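Per-entry structural report
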Amino acid sequence: MSTARQAKTRLRAHVSRERALGAKRFFKTARGEYGYGDRFIGVTVPDIRRVAREFSDLPEREVEGLLSSGIHEERSLALIILVNRFEHADEKTRGVLFALYLSLRSYVNNWDLVDISAARILGEHARQNVGAYKLLQDYARKGTLWERRMAVVATHAFIKNGSSKEIFSIARILMHDSEDLIQKAVGWMLREVGKNISLTELECFLDENASVMPRTMLRYALEHMSAVKKSAYMKHTR
């Protein structure tokens, strides 16, 4: 039976001190920054994914041990294993994995960890369960930074399945959020509406809300629009 210790050993076959130092700067780990205290060993995402495939059968209690690790790449490994398992699981098992994800969400504590997992676990579960979608709204209203980002990114599961009302609802809740990481995430998901569902739907939302949206949020939402439309919308934002 595979163990978390074995998985950690395999990760360490790919470490790079130079990458670890770069990651500490990139993920803002200095005092007062959002990633303060996080620790890196310098393993690339492709290498983490390779190790995840090797340990696809890792028992849940061992995955839990990885996810509660103080090492960023070990948490990333645990989340990739969970996502892969969730995508191939039956409904009952998905419920168990969803509950595990929620119970350990305090360890999903940087933007990349949220982005690799929230849509594919939280969002997919919320598409099938009204209670889970209400949880997204609760996170958006009163969650931590990372819970709020989870709520936003989770809506990608709905967008990929043709529904924009979820991100529009979450975006309205977070319209005045001061955190850059939230503004970027909301703008990113709004952009996905225009890209994957309907540019008209996105423009209708922007016509109503652009004048009160933070510039960062709006700029991300407009990324794939024409220069003329970008200029017109940006002139009216605050």
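All of the points below concern the structure found in this document. (Residues numbered from 1 in each chain as written. Predicted model: local features only at pLDDT ≥ 70, side-chain atom pairs only at ≥ 80, totals over all residues. Heavy atoms only, no water.)

Okay, the environment of R127 next. Mapped onto the elements, R127 comes out in helix α7 (residues 111–128). R127 gets classed as partly exposed once you look at its relative accessible area, which sits at 30%. When residues no more than four places from it in sequence are discounted, the contact partners of R127 are A157, F158 and N161. (Helix = DSSP H or I, 4+ residues; strand = E, 2+ residues; numbered from the N terminus. Buried < 20%, exposed > 50% of the residue type's maximum accessible area, 1.4 Å probe, protein only. Contact = heavy atoms within 4.5 Å.)

For the coordinates displayed, the defined rule picks out 15 salt bridges. Measuring nitrogen to oxygen at the nearest pair gives 2.9 Å for the salt bridge that ties R10 to E54. Pair noted here: R10 is in helix α1 (residues 4–11) and E54 is in helix α3 (residues 45–54), with a separation of 44 residues, a long-range link. You can call R10 partly exposed: its relative accessible area is 30%. In this structure, R127 engages E124 in a salt bridge whose closest nitrogen and oxygen atoms are separated by 3.1 Å. (Salt bridge = Lys/Arg side-chain N within 4 Å of Asp/Glu carboxyl O.)

It is worth spelling out the nonpolar core at this point. Grouped together as the largest cluster of nonpolar side chains are 77 residues, with contacts concentrated most on L77, Y101, L122, L136, L190 and L206. Aside from chain neighbours lying at most four places away, what touches L206 is M213, L218, A221, L222, M225 and Y233. (Core = buried A, V, L, I, M, F, W, Y, C linked by side-chain atoms within 4.5 Å.)

The next point concerns the packing of aromatic side chains. The relation between two aromatic rings is expressed through the spacing of the ring centres and the mutual angle of the planes. Within the structure shown, the criterion is met by 7 aromatic pairs. Taken together, the ring pairs connect F26, F27, F40 and W111 into an aromatic cluster. (Phe/Tyr/Trp six-rings, centres within 6.5 Å; stacked < 30°, edge-to-face > 60°.)

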